[in-house]
Amino acid sequence: MKEFLSILFILLLISCKQGNKETILIKGTFKEEKLDSLTRINNPEIENLLKLEENFFCGEGYRFENMEMLTKKDFDVTFSVIEKMLYANQYKEPTYKVFKEKILTCFGIDIDNYSEDMIIIYRNDNFEEPSEIQDPYFEMRGDHCVYDFCCSNLFISKKKKIITLMLPLRDIYDNRNQSIKPHKEIIALNRYLFNDDKEQMNYLANEKHFMYHLWSFFRFESTIEEANKNSIEFFYTDYPEDNEYKIGEKFFSKNKKGKLFIESRMLNTIVKLFEEKKHFKYIYPLKTYASYLINDKYKRQFTRNEKNKIIAYLANTYDPLFEQYYNGEEEYDETTILYDYKAHIGEGEWEKIKEEYKKNNYYNLPYLLPMIENADEYGTFLNNYKDYIRGEAE
């Protein structure tokens, strides 16, 4: 429910910004576009949709019991306006190759695997335990919330080479003047991704809420380092300290179809944050998450091989920093992730894990093999030390 209210907040924020008369975006000015071909007279669908939207209100007072659900037809009307809005604001259609590569890089999705033109990335498309209590909002509405702009999904058009949220038509269409109003975030996102527009990178880096929710809800791994740092900081601010380990659930997740996502770019970002701040609070939640993983908290979510791969990525990130910077702080454990794993499963299983890692060429992770060797050396040291203490006692 917390995430549900959060996305309502961001869409409200976006919606409110549209009413601001200031339309300057870095070095560009957003333009309004007259819709000669989409007037009320020639296209009553626009007027019908605007009238339908009068019953929708996104926010804490949001009520949906008696609402008529938006449909694909409503989305198509809105999408045609979004397309015109983008091209009126200097968007240039990319090649299919560029479009495909950007979607794969930032969302981990190969659009060639989809036969349909419009690919939908559902918000919070995550593995769920059967016993988990579902939000009654989603239970009641089911598939009917596909085109809901209060809790929007993300839409990728292979044909038009555009990505967008489901926007309220009233936010991007001025019915009185019959003209399109610019939506800054969607324009900036498409121009940054598919036109390599550096000015939009600067703009999006400062749109902390928007970028955080793209990452949090849709696994969007930006190539904008500052935006990624802001998202991680925002996460730690948004979650209580005893739940900060759940950042691991963002970095490593499976969708409802069982596809595993590993956000290596965000892992690199958290390393850079730690190196800048020199504080274990940025990386220690990864250790806590690894402990839950080792103790089978996520047994129903990940297979054995997936679990081992995730631990490898966690160790590649956390263990080298621990070895380099740990100074005996009492609030943090005194061991690495891989040593904990080895101690938990025993020598026999540990040897099998090492063989698995070797077989997979250590997943091309630069620090995994050294950290495996480090875990073995540390284990030998501890065993010798215990033997020494036992001998002294005797």
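This one's a predicted model, so the numbers in the text were calculated from it and none came from an experiment.

In this section: the overall build of the protein chain. Along the protein chain, the regular secondary structure elements total 16 helices and 10 strands. Going through the 394 residues of the protein chain one by one, you find that 52% of them count as buried. Within the protein chain, residue pairs in contact and separated by at least 24 positions form 71% of the contacts whose partners lie at least 6 positions apart. Put simply, the protein chain shows about 20,000 Å² of open surface, and 48% of that area lies on carbon and sulfur atoms.

Scanning the model with the defined rule gives 19 salt bridges in all. The residue R191 makes a salt bridge to D197 at a minimum N-O spacing of 2.8 Å. You'll find R191 and D197 in the same group, each marked buried. A salt bridge links K287 to D340; its shortest N-O distance comes to 3.2 Å. One end of the pair, K287, is in helix α13 (residues 284–294); the other, D340, is in helix α15 (residues 337–359), with 53 residues separating them in the sequence.

Once that is clear, we can look at the packing of helix α12 (residues 264–277) against helix α14 (residues 304–325). One can describe the packing of α12 onto α14 by two numbers: an axis separation of 10 Å at closest approach and a directional angle of 10°. In this view, α12 runs roughly parallel relative to α14, as classed from their interaxial angle. On the side of α12, the interface is formed by S264, L267, I270, V271, F274 and E275, while α14 contributes Y313, T317, L321 and Y325. Grouping the constituent residues of the contact of α12 with α14 by class yields seven nonpolar, two polar and one charged.

Helix length check: helix α10 (residues 225–238), at 14 residues, gives a terminal C-alpha distance of 20 Å against a target of 20 Å (1.5 Å per residue), a fit within 8%. Those residues of α10 that sit buried are A227, N228, K229, N230, S231, I232, F235 and Y236. Tucked into the core, α10 has its buried residues touching α8 (198–205), α9 (208–218), α11 (247–251), α12 and α13.

Neither face of strand β5 (residues 154–157) is exposed, since L154 and I156 on one face and F155 and S157 on the opposite face are all buried. Bridge analysis of strand β4 (residues 118–121) against β5 gives four bridges, and the strand direction is antiparallel. Residue pairing for β5: I121 is matched across the bridge by L154. Between the end of β5 and the start of strand β6 (residues 162–165), which pair antiparallel, lie four residues, with K161 showing a positive phi angle near 60°.

Another point: the packing of α14 against α15. Two numbers describe how α14 lies on α15: the axes approach to 12 Å, and their chain directions differ by 120°. Considering only the axes of α14 and α15, their crossing is left-handed. Of the residues in α15, those touching α14 at R304, N305, K307, N308, I311, A312, L314, A315, Y318 and D319 are I337, L338, Y341, E349, K352, I353, E356 and Y357.

Between two aromatic rings, the relevant description is the distance of the centres plus the angle of the planes. Taken as a whole and assessed by the stated rule, the structure comprises 25 aromatic pairs. Ring geometry for Y245 and Y292: centres 4.6 Å apart, planes at 45°, overall tilted. Taken together, the residues span a long stretch of sequence, with Y245 in the loop between α10 and α11 and Y292 in helix α13 at a distance of 47 residues. We classify Y245 as buried; its relative accessible area is 9%. Owing to a relative accessible area of 34%, Y292 belongs among the partly exposed residues under this scheme. Every member of this aromatic cluster is reached through a ring pair, and the members are Y212, W215, F234, F235, Y236, Y239, F251 and Y282.

The topology assignment puts E226 in helix α10. The spatial distance from the C-alpha of E226 to the C-alpha of L204 is 9.3 Å, given a sequence separation of 22 residues.

The subject of this paragraph is unusual backbone geometry. For Q90, which is not glycine, the phi torsion reads 70° and is therefore positive. In this fold, Q90 is placed in the loop between α3 (72–88) and α4 (96–107). On the basis of relative accessible area, Q90 is assigned to the partly exposed category, the value being 44%.

Every second residue of β6 is oriented toward a common face, with I162 and T164 on one face and I163 and L165 on the other, all of them buried. Bridge analysis of β5 against β6 gives four bridges, and the strand direction is antiparallel. Paired with L154 across the strands is L165, a residue of β6.

Our focus in this paragraph is the nonpolar core. Counting residues in each nonpolar core, the largest one holds 58 residues, and the members touching the most others are I103, F107, I163, L169, L189, L204 and F220. Discounting chain neighbours no more than four positions away, the residues touching I103 are G108, I109, I111, I156, I163 and F194. Residues I270, Y284, I294 and Y298 belong to the second largest nonpolar core, which totals 52 residues.

So, how was this worked out
- Residues numbered from 1 in each chain as written.
- Predicted model: local features only at pLDDT ≥ 70, side-chain atom pairs only at ≥ 80, totals over all residues.
- Heavy atoms only, no water.
- Helix = DSSP H or I, 4+ residues; strand = E, 2+ residues; numbered from the N terminus.
- Buried < 20%, exposed > 50% of the residue type's maximum accessible area, 1.4 Å probe, protein only.
- Contact = heavy atoms within 4.5 Å.
- Areas by Shrake-Rupley, 256 points an atom, 1.4 Å probe, with all protein chains shown as cover.
- Salt bridge = Lys/Arg side-chain N within 4 Å of Asp/Glu carboxyl O.
- Axes fitted to C-alpha atoms, helices over the stretch in contact; angles between N-to-C directions.
- Parallel < 35°, antiparallel > 145°, perpendicular 65-115°, else oblique.
- Nonpolar A, V, L, I, M, F, W, Y, C, P; charged D, E, K, R; others polar.
- Expected span 1.5 Å × (residues − 1).
- Pairing = 2+ DSSP bridges.
- Left-handed = near helix turned anticlockwise from the far one by under 90°.
- Phe/Tyr/Trp six-rings, centres within 6.5 Å; stacked < 30°, edge-to-face > 60°.
- Core = buried A, V, L, I, M, F, W, Y, C linked by side-chain atoms within 4.5 Å.

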